[in-house]
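Letter by letter, the chains look like this.
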Amino acid sequence: RWLRQHECVEKLNMHAILSASAGQEQLLTELLVTYTKIPVLIEELISVEIWKHKIFPVLCRLEDFKPRSTFPIYVVLHHEASIINLLETVFFYKEICESAEDNILDLIDYCHRKLTLLAARSTNGQTAVLVPPQELQKQAETMEFEISLKALSVLRFITDQVESLPLSALTRMLNTHNLPCLLVELVEHCPWSCREAGKLKKFENGTWHVVPPEDQVKMTKLDGQVWLALLNLLLSPECQRKYHFDGFNKSQLLKLRAFLTDILIDQLPNLVELQRFLSHLAVTEPAPPKKDLVLEQVPIIWDRILKKNAGKWEAITKHQVKHVFSPTEEELKLQARRWAQTYSLDMIEALAPDKPRCGACGTEAAKRCSRCRNEWYCTRACQVQHWQKHKVACNLMA
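Everything quoted here is computed from the prediction, not taken from an experiment. (Residues numbered from 1 in each chain as written. Predicted model: local features only at pLDDT ≥ 70, side-chain atom pairs only at ≥ 80, totals over all residues. Heavy atoms only, no water.)

## What about the overall build of the protein?
Moving on, step 1. Regarding its fold elements, the protein presents 20 helices and five strands.
Moving on, step 2. Over its C-alpha atoms the protein spans a radius of gyration of 24 Å, differing by no more than 12% from the 21 Å that the globule rule assigns to 398 residues.
Moving on, step 3. When its C-alpha atoms are laid out on the principal axes, the protein stretches across 65 × 65 × 55 Å.
Moving on, step 4. Sequence separation of at least 24 residues holds for 74% of the intrachain contacts in the protein that already meet a minimum separation of 6.
Moving on, step 5. Each charge class in the protein was averaged separately, 49 positive and 48 negative side chains, and the resulting centres sit 1 Å apart. (Helix = DSSP H or I, 4+ residues; strand = E, 2+ residues; numbered from the N terminus. Rg over C-alpha atoms; globule rule 2.2 N^0.38 Å. Contact = heavy atoms within 4.5 Å. Lys, Arg positive; Asp, Glu negative; His and termini not counted. Charge placed at Lys NZ, Arg CZ, Asp CG, Glu CD.)

Given below as structure tokens:
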């Protein structure tokens, strides 16, 4: 049953990527909101994270566990990557963020844990040739790095909605986890960048690549996510009212001034506002945050799962070894066939949305109304011709 659920998540993930590339992700986001699936996905995400922390290490230590194939274990590890990738694709939309409801606190905690791993990450050299389960552990470490980068993007999208987030979410980000200072750490140490044999390498689009000298000052997408999250958290009036600009926090934030070069600001002009804010912060003492007496919500998923299974982790591991991770040859073949069907070209084509059509002439269109982003056109001439018909709907949706 769990494998069927994973297949559904994987298909949703592929559909989200294909829809986003075609600019037609609205239908998927509406369905996820209507059927309240975002809280379900967040709970599933944290469940797999706990499995990786509690079950996977015990699994790797079992001396008598020599599976015919490690593929079923890899599927569980990959499940977390599929969910966070799906959330990264859809969390751009305000309604998705709001539909998370109370589970947004659990997602904020999840992103904080991943960003802490990123900040603490050391860039050691290549390891020796590995054999299972060490090879599987290495794959898990590599996947963990990529998942953490996805979590960074999800967190940035959450900060885009600071004005509509519940009060508890802001308190969690600013005071409980002190995310502004954690983001400063990421700016300072930039874990998606390293030097190897005198050459600068950056991690982009799932792989490390050497950056030519002329591109070394270019801002990557990941750099941009960190700066945008800082902009959202530091320049929002509500965040400024709640954040405690004490001596430590202030000194950490002022480190950003060294990175705000003219070249960087040319690439992201909004950073001028951040530069002004930091200059003002350097010469003033902001008022301490008001300590209002409030009843605050707390995340519950992580603690609930840990309490429910406390002291049972080894027993759960042995049960899973016997009933899940030791399939017969026939069961492995069946799983392989199902996975082949999931990733077949026919399946991908079925998930791909139809190409948009011009609202005026009906031919395939590549341009979208920039105001309402719901109507498509093949040329500017068709858009002008169709404006009188589209005007009313555009005004309603814009």
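## Brief notes about the nonpolar core
Moving on, step 1. Counting residues in each nonpolar core, the largest one holds 94 residues, and the members touching the most others are Phe91, Ile104, Leu107 and Trp192.
Moving on, step 2. Of all the elements, helix H8 (residues 134–159) adds the most residues to this core, at 12 residues. (Core = buried A, V, L, I, M, F, W, Y, C linked by side-chain atoms within 4.5 Å. Buried < 20%, exposed > 50% of the residue type's maximum accessible area, 1.4 Å probe, protein only.)

## Here we look at unusual backbone geometry
Moving on, step 1. Even without a glycine there, the phi angle at Cys190 is positive, about 40 degrees.
Moving on, step 2. With respect to the element layout, Cys190 can be found in the loop between helix H10 (179–189) and strand E1 (193–196).
Moving on, step 3. With relative accessibility at 16%, the residue Cys190 sits in the buried group.
Moving on, step 4. With a phi close to 55 degrees, Ala197 is a non-glycine residue in the positive phi region.

## Notes on helix H1 (residues 2–21)
At 3.6 residues per turn, the α-helix brings residues three or four places apart onto the same side.
Moving on, step 1. The terminal C-alpha atoms of H1 lie 29 Å apart, and with 20 residues this matches the ideal 28 Å at 1.5 Å per residue to within 8%.
Moving on, step 2. Every buried residue of H1 is accounted for by His6, Glu7, Val9, Glu10, Asn13, Met14, Ala16 and Ser19. (Expected span 1.5 Å × (residues − 1).)

## As for the packing of aromatic side chains
Moving on, step 1. Following the criterion strictly, the structure yields nine aromatic pairs and no others.
Moving on, step 2. Members of the aromatic cluster, each reached through a chain of ring pairs, are Trp51, Phe56 and Phe325. (Phe/Tyr/Trp six-rings, centres within 6.5 Å; stacked < 30°, edge-to-face > 60°.)

## Notes on the pattern of salt bridges
Moving on, step 1. Per the stated rule, a full pass over the model turns up 19 salt bridges.
Moving on, step 2. A salt bridge links Glu285 to Lys250; its shortest N-O distance comes to 3.2 Å. Of this pair, Glu285 sits in the loop between helix H15 (271–283) and helix H16 (301–308) while Lys250 sits in helix H13 (residues 247–254), and the two are 35 residues apart along the sequence.
Moving on, step 3. Exposure remark for Glu285: the relative accessible area of 66% places this residue in the exposed category.
Moving on, step 4. Of the charged contacts, one joins Lys318 and Glu314 as a salt bridge, the two residues approaching to 3.7 Å between their closest N and O atoms. One end of the pair is Lys318 and the other is Glu314, both in helix H17 (residues 313–323) and four residues apart, which spans about a single turn.
Moving on, step 5. It is possible to trace a salt-bridge network through shared partners that takes in Lys52, Glu80, Lys114 and Glu144. (Salt bridge = Lys/Arg side-chain N within 4 Å of Asp/Glu carboxyl O.)

## Examining the packing of helix H7 (residues 104–120) against helix H9 (residues 167–176)
Moving on, step 1. Orientation of H7 relative to H9, taken along the N-to-C sense of each, is 10 degrees, at an axis distance of 10 Å. In terms of orientation, H7 and H9 fall into the roughly parallel class. For the crossing formed where H7 meets H9, the hand is right-handed. In this structure, H7 uses Ile104, Leu105, Ile108 and Asp109 to contact H9, whose residues at the interface are Ser168, Ala169, Arg172 and Met173. (Axes fitted to C-alpha atoms, helices over the stretch in contact; angles between N-to-C directions. Parallel < 35°, antiparallel > 145°, perpendicular 65-115°, else oblique. Left-handed = near helix turned anticlockwise from the far one by under 90°.)

## Remarks on the packing of H1 against helix H5 (residues 71–90)
Moving on, step 1. Close contact between H1 and H5 brings their axes to 9 Å; oriented N to C, the two are set at 35 degrees. Crossing of H1 over H5 shows left-handed handedness. Between H1, through Trp2, Leu3, His6, Val9, Glu10, Leu12, Asn13, Ala16, Ile17 and Ala20, and H5, the contact on the second element is made entirely by Val75, Val76, His78, His79, Ser82, Ile83, Asn85, Leu86 and Thr89.
Moving on, step 2. Of the residues assigned to the contact of H1 with H5, the class counts are 11 nonpolar, seven polar and one charged. (Nonpolar A, V, L, I, M, F, W, Y, C, P; charged D, E, K, R; others polar.)

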